[in-house]
Amino acid sequence: MTTTAPRADGRVVALAHHAARARLESVLTRHGITFHQSVTLRAVVAAGGSAGRDALVDDVVGSLKTEASVVSGVIGELTSAKLLEADPKRVRLTDAGRELYEATSAESAEVTARLYAGFTDEELEVTGRVLTLITERANAELASGA
């Protein structure tokens, strides 16, 4: 008996997101950090290892769709853990923060490779285009207050 794949909709996308995120969080938990902390570390790394505090907060708020106060709290947690150094204007990655980011990124890449194995480049490109467009539309509606 062959079943047909479900048509992509919000539920299918959400199920895939939550399953993949749960798998990622199992990697992060082994390293003693949360998903929000990981996203914040990634943003600092993407900024070259140092970022303006306000720009970092805005970046992570945009990624996680959370409140600035939550992100500020995460920066505080990472600073307390000596993974970031922060002053009122800038946030910098410490050596320990870089090592942790590299370790979790390497493990996450292995998981991602397994989850995405067997898809053609064309399938991944189409999926990427569709999900990017959905993200852009949702962000536009959030920005307009719709």
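This text follows the structure it describes.
Residues numbered from 1 in each chain as written. Predicted model: local features only at pLDDT ≥ 70, side-chain atom pairs only at ≥ 80, totals over all residues. Heavy atoms only, no water.

Enquirer: How would you summarise the nonpolar core if you had to cite specific residues and measurements?
Expert: Note that soluble globular proteins tend to have their nonpolar side chains buried in a common cluster. Among the nonpolar cores identified, the biggest contains 21 residues, and Leu41, Leu56, Val60 and Leu84 are the most heavily contacted of them. For this core, the elements supplying multiple residues, two or more each, are helix H2 (35-46), helix H3 (53-64), helix H4 (68-80) and strand S3 (90-93). Per-element accounting of this core gives the leading share, 5 residues, to H2. Contact partners of Val60, with chain neighbours within four places excluded, come to Val39, Thr40, Ala43, Lys65 and Val71. (Core = buried A, V, L, I, M, F, W, Y, C linked by side-chain atoms within 4.5 Å. Buried < 20%, exposed > 50% of the residue type's maximum accessible area, 1.4 Å probe, protein only. Helix = DSSP H or I, 4+ residues; strand = E, 2+ residues; numbered from the N terminus. Contact = heavy atoms within 4.5 Å.)

Enquirer: Go over the sheet that holds S3, please, and point to the residues and values.
Expert: Strand order across the open sheet formed by 3 strands is S1-S3-S2, with antiparallel pairing between neighbours. Where the open sheet ends on each side, the last strands, each with one partner, are strand S1 (50-52) and strand S2 (84-86). If you compare each strand with its neighbour and ignore which way they point, the axes differ by 20° on average. Note: S2 against S3, 3 bridges, orientation antiparallel. (Pairing = 2+ DSSP bridges. Axes fitted to C-alpha atoms, helices over the stretch in contact; angles between N-to-C directions.)

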